[in-house]
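# Fold and geometry: a report
Listed below are the residues making up each chain.
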Amino acid sequence: MNGHELIRMYFDRLAMKVPDRLLPDAETLAALHRRHVLLIPYENTDYLTGHILPTGFETQFHEVIIRKRGGMCIDMNPLFGALLTAIGYRVRYFSTVICGRRAEDLNYHVILLAEDREGETRWCDVANPFTRFFDPLPVTERTELTASGSSFRFGRDPAGKLLLQEKKAGIWTDFLRIRDADITEEDRNDSKFSAMTEYPENAVCRKEVFSLVTPEGRRTLTGNLYRESTGNGLYQYECPDTLMPWAYAQFGLQSRK
C-alpha cells in the first residue's frame with residue numbers, strides 16, 4: 001500500500017476529506033488526533049478471542065480502518081503513527097509506565113512523539129482508556145498545559161526520563177513515565193501476547209473493555225457494565241444480553257457474538 005492510498009483510506013475512516021494541500025503541521029496533527037479519539041474506540045477483544053494475531057501494520061490497518069473496529073494502545077498509536085509518517089511527520093514510539101499502579105499490574109502503555117515541519121514535538125495518544133486526550137500535547141517541560149479540561153506538564157524523573165504529570169485537586173501527580181524509547185514491532189508483539197500469561201487476573205485480560213472519548217466526557221463498557229461520564233456526573237448500569245448490541249453501538253461497533 002502506498003502512502004497516498006493509506007492517507008485516503010484513513011481519512012475516510014475519520015470521516016474527513018483529504019485537503020488539496022496536506023501539510024505536516026500542528027493544525028493537521030490536532031485535527032487528526034481529535035477525530036481519532038472521538039470516532040475510534042479503545043477495544044481489547046483481541047486479547048480474549050485471539051482474532052488479531054500479530055501486532056503489525058497490515059493487521060492493524062485491516063481491523064481498525066477496513067473492518068472499522070477499535071484497538072489497544074499497541075494497535076492504534078503505531079497505526080496513527082504510520083498515518084503521520086505518510087503525511088511527513090517524524091515519529092518515534094515509546095513504552096511508558098502508568099504511574100501509581102503496582103509493579104505486578106499491567107501498567108505499560110505505548111505512546112508516540114510526532115515532530116512537525118516546524119520542528120515542534122508533540123505527545124500523541126489516541127488510545128488512552130484513562131484520560132481524555134483530545135489534542136496532542138506540546139513537549140515543553142515545566143509548563144502547565146490545559147487539554148480536555150485537565151492540566152498537564154512535562155518533567156523528568158530521577159533517571160532523566162520524560163515524565164507526564166496531571167494536576168488533580170491542585171496537586172501534581174505522576175501519570176505516565178517513559179520506560180523504553182524507539183520500541184519496535186517485535187517489542188509490541190511481545191508485550192501484547194505475554195500479557196495474558198503475565199497478568200492473568202488483570203481486567204483487560206479477563207473481560208471485554210471498551211472506552212471512547214466523547215465531547216462531554218467518556219463512555220466505557222467493561223464486560224456488561226456500561227458507564228457514561230459527563231460534566232453532570234456519572235451514570236452506569238449492567239446490560240442484560242438483549243441490550244449488549246445497543247451497548248456496542250455506543251462505540252460505533254457491532255458485537256462479535
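This report concerns the structure included in the present document.

Calculation rules
Residues numbered from 1 in each chain as written. Predicted model: local features only at pLDDT ≥ 70, side-chain atom pairs only at ≥ 80, totals over all residues. Heavy atoms only, no water. Helix = DSSP H or I, 4+ residues; strand = E, 2+ residues; numbered from the N terminus. Buried < 20%, exposed > 50% of the residue type's maximum accessible area, 1.4 Å probe, protein only. Contact = heavy atoms within 4.5 Å. Areas by Shrake-Rupley, 256 points an atom, 1.4 Å probe, with all protein chains shown as cover. Pairing = 2+ DSSP bridges. 1 Å grid on protein atoms, 1.4 Å probe; cavity = no way out; pocket = protein on both sides within 12 Å on 5 of 7 lines; lining within 4 Å. Points joined across faces, edges and corners; volume = space filled by probe spheres on them. Nonpolar A, V, L, I, M, F, W, Y, C, P; charged D, E, K, R; others polar.

A separate point is the overall build of the chain. A tally of regular secondary structure across the chain gives eight helices and 13 strands. Taken across its 257 residues, the chain has 50% of its residues classed as buried. A fraction of 56% describes how many contacts in the chain between residues 6 or more apart in sequence connect residues 24 or more apart. As displayed, the chain has an accessible area near 12,500 Å², and 48% of this comes from carbon and sulfur atoms.

The buried fraction of strand E3 (residues 108-115) amounts to seven of the eight residues, a majority that puts the element mostly inside the structure. Sheet analysis places strand E2 (residues 90-98) next to E3, joined by eight bridges and oriented antiparallel. Paired with threonine 96 across the two strands is histidine 109, which belongs to E3. With four bridges connecting them, E3 and strand E4 (residues 121-124) associate as antiparallel partners. Counterpart to leucine 113 in the pairing with E4 is tryptophan 123. The turn linking E3 back onto E4 is made up of five residues, and glycine 119 within it adopts a positive phi angle of 85 degrees.

What follows concerns empty space enclosed by the protein. Think of a ball as big as a water molecule: rolled over the atoms, this probe shows where empty space is left. Tallied over the entire structure, the rule returns one cavity of 30 Å³ or more. Forming the boundary of the largest cavity are 13 residues, of which Val37, Val126, Ala127, Asn128 and Val213 lie nearest the centre. Broken down by element, the lining of the largest cavity gets its largest block of residues, three residues, from strand E10 (residues 209-213). Of the residues belonging to the lining of the largest cavity, the class tally is eight nonpolar, three polar and two charged.

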